[in-house]
Amino acid sequence: NAGVTQTPKFRVLKTGQSMTLLCAQDMNHEYMYWYRQDPGMGLRLIHYSVGEGTTAKGEVPDGYNVSRLKKQNFLLGLESAAPSQTSVYFCASSYGGDGYTFGSGTRLTVV
Amino acid sequence: GQQVMQIPQYQHVQEGEDFTTYCNSSTTLSNIQWYKQRPGGHPVFLIQLVKSGEVKKQKRLTFQFGEAKKNSSLHITATQTTDVGTYFCAGRQSGYSTLTFGKGTMLLVSP
């Protein structure tokens, strides 16, 4: 089925470890986004991309890096995980200003 | 920066009662979108409003965009248990690539 696929779905990291979250979309969308969702905080934009090879910072970019080497993939990296990065991470994509299609999320716990 | 406020944060209704959530932006918006997130799920795009004073309906859901394009509302008539979830508004400023999400209104419907 067409959509946005996120891997992994769950992960537990120790403080200081690194990891990469993968987002893949098969809708040929130009725009892709990474959000984090914390209780009472809504959805906060981490980084986004308006096309292959481009990335930009969102509202809460510190501690994260991203890459968009291929149009269909958007990777989110945590170089040195901290407990404050415990969250649910959602990837989304869109065709220009249209509605976003979200992935099913990655639940990350940093201990 | 742009802020999007949603009220109420939480509402518990009896099945059959009506429900309304309100969204207010600190800046004029070019468009506003609404999303629904079921418990444990991911946000799902419902609708986009673009024109000043626009009203759109989807079955029992009515969406409005204010004349000044700074506020919006979602009204659900005769709620059902399937309406349970968190409803988010998300606004886009003119010239910006990304949406700013409100913190959402959590709706609980008792049978």
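Scroll up to find the structure.
Small disclaimer: the values here were computed from a predicted structure and weren't measured.

Undergrad: When you look at the overall build of chain B in this model, what are you seeing that I'm missing?
TA: From N to C terminus, chain B includes 0 helices and 11 strands. For chain B, the succession of helices and strands along the chain, N to C, is β-β-β-β-β-β-β-β-β-β-β. Dimensions of chain B, computed from C-alpha atoms along their principal axes, come out at roughly 45 × 25 × 20 Å. Taking all contacts inside chain B whose residues are at least 6 apart in sequence as the whole, residues at least 24 apart take part in 55%. Element-wise, carbon and sulfur atoms account for 51% of the exposed surface of chain B, whose accessible area totals about 5400 Å².

Undergrad: Sorry, what's going on with the sheet that holds strand β8 (residues 71-76) of chain B here?
TA: Working definition: the strands of a sheet are paired by backbone hydrogen bonds and lie parallel or antiparallel to each other. All names here are of chain B. Read from one edge to the other, the open sheet built from 5 strands follows the order β1-β3-β8-β7-β6, with strand pairing classed as antiparallel. A single partner strand is all that each edge strand has here, and the edge strands are β1 (4-7) and β6 (55-58). The average angle at which neighbouring strand axes cross in this sheet is 15 degrees, direction not considered. Direction of pairing for β1 relative to strand β3 (residues 19-25): antiparallel, over a ladder of 4 bridges. Residue pairing across strands places Val4 opposite Ser25, the latter belonging to β3.

Undergrad: Just to check I follow, could you spell out the pairing of strand β9 (residues 87-94) of chain A for this structure?
TA: Consecutive residues of a regular strand have side chains that alternate between opposite faces of the sheet. All names here are of chain A. Most of β9 sits inside the fold, with 8 of its 8 residues counted as buried. Covered by surrounding structure in β9 are Ser87, Tyr89, Cys91 and Ser93 together with Val88, Phe90, Ala92 and Ser94, the residues of both alternating faces. Examined bridge by bridge, strand β4 (residues 31-38) and β9 share 7 bridges and lie antiparallel to one another. Each residue of the ladder has a partner; that of Tyr33, found in β9, is Ala92. Pairing between β9 and strand β11 (residues 106-110): 3 bridges, direction antiparallel. Note that in β11 the partner of Val88 across the bridge is Arg107. For β9 and strand β10 (residues 101-102), the ladder comprises 2 bridges, and the chain directions are antiparallel. If you follow Ser93 over to β10, its bridge partner there is Thr101. With antiparallel pairing between neighbouring strands as the criterion, β9 and β10 make up a hairpin whose turn holds 6 residues, including Gly96 at a positive phi of roughly 60 degrees.

Undergrad: Please clarify how the state of the cysteines should be interpreted in this entry.
TA: Linking two cysteines covalently through their sulfur atoms gives a disulfide. Residues and elements named next belong to chain A. Applying the stated criterion across every chain yields a total of 2 disulfides over all chains. Paired through a disulfide, Cys23 and Cys91 show a sulfur-sulfur distance of 1.9 Å. Here the disulfide of Cys23 and Cys91 is left-handed, its torsion about the S-S bond being about -75 degrees. Linking Cys23 in strand β3 (residues 19-25) with Cys91 in strand β9, this pair joins segments that are 68 residues apart in sequence.

Undergrad: Explain the nonpolar core here, please?
TA: Soluble globular proteins: nonpolar side chains tend toward being buried together. In this structure, Trp34(B) and Phe63(B) are the most contacted members of the largest nonpolar core, which totals 20 residues. When contributions to this core are tallied by element, the ones reaching two or more residues are β3, β4 (31-37), β5 (43-49), β7 (61-65), β8, β9 (85-92) and β11 (105-110) of chain B. Counting residues in hydrophobic clusters, the runner-up holds 18 residues, among them Val4(A), Trp34(A), Leu76(A) and Val110(A).

Undergrad: For this particular structure, what's the right way to read a nonpolar patch on the surface?
TA: Together, Tyr10(B), Met106(B) and Leu108(B) give the surface a local cluster of nonpolar side chains, amounting to about 280 Å² of exposed area. On the basis of relative accessibility, which here comes to 33%, the residue Leu108(B) falls in the partly exposed class.

Undergrad: For this particular structure, what's the right way to read the interface of chain B and chain A?
TA: Accessible area lost on assembly of the parts is the figure often given for the size of an interface. With 16 residues of chain B at the interface, the matching set in chain A holds 20 residues. Of the roughly 1400 Å² buried at the junction of chain B and chain A (both faces included), carbon and sulfur atoms supply 58%. Across the contact surface, chain B and chain A share 6 residue pairs in polar contact (both at pLDDT 80 or more). Within the residue set of the side of chain B that touches chain A, elements represented by two or more residues are β4, β5 and β9 of chain B. Its residues assigned to classes, the side of chain B that touches chain A comprises 6 nonpolar, 8 polar and 2 charged.

Rules of the game
Residues numbered from 1 in each chain as written. Chains lettered and ligands numbered in written order. Predicted model: local features only at pLDDT ≥ 70, side-chain atom pairs only at ≥ 80, totals over all residues. Heavy atoms only, no water. Helix = DSSP H or I, 4+ residues; strand = E, 2+ residues; numbered from the N terminus. Contact = heavy atoms within 4.5 Å. Areas by Shrake-Rupley, 256 points an atom, 1.4 Å probe, with all protein chains shown as cover. Pairing = 2+ DSSP bridges. Axes fitted to C-alpha atoms, helices over the stretch in contact; angles between N-to-C directions. Buried < 20%, exposed > 50% of the residue type's maximum accessible area, 1.4 Å probe, protein only. Disulfide = S-S within 2.5 Å. Core = buried A, V, L, I, M, F, W, Y, C linked by side-chain atoms within 4.5 Å. Patch = residues over 30% accessible without salt bridge, like charges linked within 9 Å, V, L, I, M, F, W, Y side chains within 5 Å. Salt bridge = Lys/Arg side-chain N within 4 Å of Asp/Glu carboxyl O. Buried area = accessible area lost by both parts, 1.4 Å probe. Polar contact = N/O pair within 3.5 Å; in protein donor to acceptor, adjacent residues only side chain to side chain. Nonpolar A, V, L, I, M, F, W, Y, C, P; charged D, E, K, R; others polar.

In short, geometric facts, not functional conclusions.
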